[in-house]
Amino acid sequence: MYSRDALSALWPLSGLPSQALDWIDLTGQDPVSPSSFAVGTAAQASIAAAALAACELGHERGAPRQRVAVDMAHAAAECTGWFTLDGHEPDLWDPLAGLYRCADGYVRVHTNFRHHRDGALRLLDLDPATATRANAEQALLGWNALDFEQAAADHALVATALRSFAEWDATPQGQALAAQSLMTITRIGDAPPRSLPALAADGLPLAGLRVLDLTRILAGPVGGRAMASFGADLMLANSPSLPNIAAIAETSRGKRSAHIDLRTEIGREALWRLVEDAHVFSQGYRPGGLAALGFSPEALAARRPGIVAVSLTAYGPQGPWADRRGFDSLVQTAMGFNHAEGEAAGDGKPRALPMQILDQASGFLMAFGAAAALWRQQREGGSWHVQVSLAQTGHWLRGLGRIEDGLRAGRPDLSPWLADEISGFGQLRAVRPSAQLARTPAGYSRPSVPPGTDAPYW
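Residues numbered from 1 in each chain as written. Predicted model: local features only at pLDDT ≥ 70, side-chain atom pairs only at ≥ 80, totals over all residues. Heavy atoms only, no water.

## A short note on the sheet that holds strand 15 (residues 426–431)
As a reminder, the rule being used: Criterion used throughout: strands pair if DSSP finds at least two bridges between them. Going along the chain from the N terminus, every DSSP run of H or I of four or more residues is numbered as a helix, and every run of E of two or more is numbered as a strand. Lines fitted to the C-alpha atoms define the axes, with helices restricted to the stretch that makes contact. Angles between their N-to-C directions range from 0 to 180 degrees.
The sheet built from three strands is open, its strands ordered 3-15-14 with antiparallel pairing. Across the chains shown, the open sheet's two edge strands, defined by having one partner strand only, are strand 3 (83–85) and strand 14 (418–423). Averaged over all adjacent pairs, the angle separating strand axes in this sheet is 20°, with direction ignored. Bridge count for strand 14 against strand 15 is six bridges, and the pairing is antiparallel. Counted as the bridge partner of Ile422 is Gln427 from strand 15.

Right, dumping it as structure tokens:
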């Protein structure tokens, strides 16, 4: 499937005018990265959808329409998430993370957070203080893959068994996922159309809109960064007690960054104060986590009628895995992508996709959905809930078809699209936004800063 076809199939999910598609220019074709899947198409189509929806909202606010151009190679480069700090590329993976052989197959274990790492090791009867990868490899040989997957889920840990597509399709979650659309935009309350700040002739399409970003790993931060690149005022709200990953330096471009402890009354009051003036509330915590603290989409709509809530999950809102934690690498493994890439390579050795495209595309789909819901709020009123999941994005990627000999493609040269900037983490080099807006170029008005740099006020 070509990117224009993929974008045209995505667009009706938004409810936005079809004539907006006349303003998009897409160049390039797969393969742009070594994969048998259309990762370039997924990157380009999701980024184009986010940018075009933002511009359509800008048009609704009184600005003329403008052309949007996205080159596939640049889009794929942006979706690598590559960056350096002070000339060094951070190691983004814990040494124990990865794929392990079991008694009857393979399992992937995610250990980038200390509590997940220690929990997995204890499940294997290993001492977290002294265990090595070799110890974990030996211990997992005594487990069946599905048994370890279930035991990890029972202990709120993150691990998935390697499946083929056929095996995934036979699971209740695979069947539930196949019945769902890629994303949903649902009206969850009544409200009059909300007056938006005036948009200057040279203003970016989301200028003046306030977005609360309560996301941490990786898709949600990418979605917030995308909205920031289109002009939104982003407030990243982090818990002071929860760890982050090194990628926060790259995904925090364009954002303010505040600490808010929702375990305290003071923290909850601070968040409600921000909600009062927010247009979008984006969150990617475990299913039900924020709702338990009083910040469900329905509670947000009751307190701030007209708000757009955006929710990210791993496996979608329906099915027996709806409440499971998950990350891109695990979803790839569970759904069949790692198995399929191994088959395409001819050696049968499971291999990951060349980028975390489920995260990246899901993030841009979150930005797409948020802009579309804001547009509908202007036209119809109401409060809205946008739902995106890594697994739904995976199901969509699979539907884009396979790329013959795609694994022979070289890794992209990122150098044409890299930019340097001063950040609160050090000298940051990263990929510029791939969405080119003809009249108001996309970019970041704020440098990336560490959590807690800013006060929790607009």
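## Re the environment of Ser311
Put simply, the test is: In this analysis, two residues are considered to be in contact whenever any of their non-hydrogen atoms come within 4.5 Å of each other.
Turning to its location among the elements, Ser311 is positioned in strand 12 (residues 308–313). Distance in space between the C-alpha atoms of Ser311 and Gly284 is 5.9 Å, their sequence separation being 27 residues. Setting aside chain neighbours within four positions, we find Ser311 in contact with Gln283, Pro297, His385, Val386, Gln387 and Val388.

## Comments concerning the pattern of salt bridges
Defined as follows: The term salt bridge refers to a side-chain nitrogen of Lys or Arg lying within 4 Å of a carboxyl oxygen of Asp or Glu. The classification of residues rests on relative accessible area computed with a 1.4 Å probe and restricted to protein chains. Under 20% of the type maximum is buried, over 50% is exposed, and intermediate values are partly exposed.
Counted by the stated rule, this structure contains 22 salt bridges. A salt bridge links Glu56 to Arg65; the nearest nitrogen and oxygen atoms lie 2.6 Å apart. On the accessibility criterion, Arg65 (22% relative accessible area) is partly exposed. One salt-bridge network, held together by shared partners, links Glu78, Arg225, Glu250 and Arg253.

## Notes on the packing of aromatic side chains
Selection rule: Within 6.5 Å between ring centres, the rings of Phe, Tyr and Trp (the latter by its six-membered ring) count as paired, and their orientation is classed by plane angle as stacked under 30 degrees, edge-to-face over 60, tilted in between. By the criterion adopted, a ring carries a charge over it if an Arg CZ or a Lys NZ lies within 6 Å of its centre and within 35 degrees of its normal.
All chains considered together, the criterion is met by eight aromatic pairs. With centroids separated by 5.7 Å and ring planes inclined at 25°, the aromatic side chains of Trp11 and Phe368 adopt a geometry described as stacked. Highlighted residues: Trp11 in the loop between helix 1 (3–10) and strand 1 (24–27) and Phe368 in helix 15 (residues 357–380), separated in sequence by 357 residues. Each ring, one from Phe37 and one from Phe165, has its centre 6.0 Å from the other, and the planes form 85°; the classification is edge-to-face. One end of the pair, Phe37, is in the loop between strand 1 and helix 2 (39–60); the other, Phe165, is in helix 7 (residues 165–169), with 128 residues separating them in the sequence. For the pair shown, Phe37 and Phe165 are each scored as buried. Joined through ring pairs, the aromatic side chains of Phe37, Phe165 and Phe337 make up one cluster. One Lys or Arg, Arg303, reaches over the ring of Trp272 and ends 4.5 Å from the middle of that ring. A cation sits over an aromatic face here: Arg402 above Phe37, 4.1 Å from the ring centre.

## Things to note about helix 14 (residues 337–345)
In an α-helix, one full turn covers 3.6 residues, which means residues spaced three or four apart are oriented alike. Taken as a whole, helix 14 has its buried residues at Phe337, Asn338, Ala340, Glu341 and Gly342. If you follow the buried residues of helix 14, they end up packed against strand 5 (106–109), helix 7, helix 13 (328–335) and helix 16 (390–399). The first or second residue beyond helix 14 is Gly346, which carries a positive phi of 90°.

## A closer look at unusual backbone geometry
Of note, the amide linkage connecting Asp30 to Pro31 takes the cis form, showing an omega dihedral of 5°. By the element assignment, Pro31 lies in the loop between strand 1 and helix 2. Even without glycine at this site, Asp86 takes up a positive phi of about 50°. In this fold, Asp86 is placed in the loop between strand 3 and strand 4 (98–101).

## Brief notes about the nonpolar core
So the rule is basically this: Side-chain atoms within 4.5 Å are what join buried Ala, Val, Leu, Ile, Met, Phe, Trp, Tyr and Cys residues into a set we call a nonpolar core.
Residues Trp11, Phe230, Tyr315, Ile357, Phe368 and Leu397 are the most contacted members of the largest nonpolar core, which totals 103 residues. Listed in part, the 21 residues of the second largest apolar core include Leu126, Ala136, Ala139 and Leu140.

## Describing the pairing of strand 12
Successive side chains on a regular strand alternate, one facing one side of the sheet and the next facing the other. Short version of the rule: The handedness rule is simple: strands pointing away from the viewer, and a clockwise path from the first strand over the helix to the second, make the crossover right-handed.
Of all six residues making up strand 12, six are buried, and the element is well covered by its neighbours. Pairing geometry for strand 11 (residues 280–283) and strand 12, over four bridges, is parallel. From the neighbouring strand, Ser282 faces strand 12, where its bridge partner is Val310. For the crossover from strand 11 across helix 12 (residues 297–303) to strand 12, the handedness is right-handed.

## Quick notes on the sheet that holds strand 1
Taken in spatial order, the three strands of this open sheet run 1-2-16, and their pairing is mixed. The open sheet has two edge strands, strand 1 and strand 16 (435–437), and neither has a second partner. Direction aside, neighbouring strands of the sheet carry axes that sit 20° apart on average. Where strand 2 (residues 68–71) meets strand 16, three bridges bridge the pair, whose relative direction is antiparallel. Paired with Ala69 across the strands is Gln436, a residue of strand 16.

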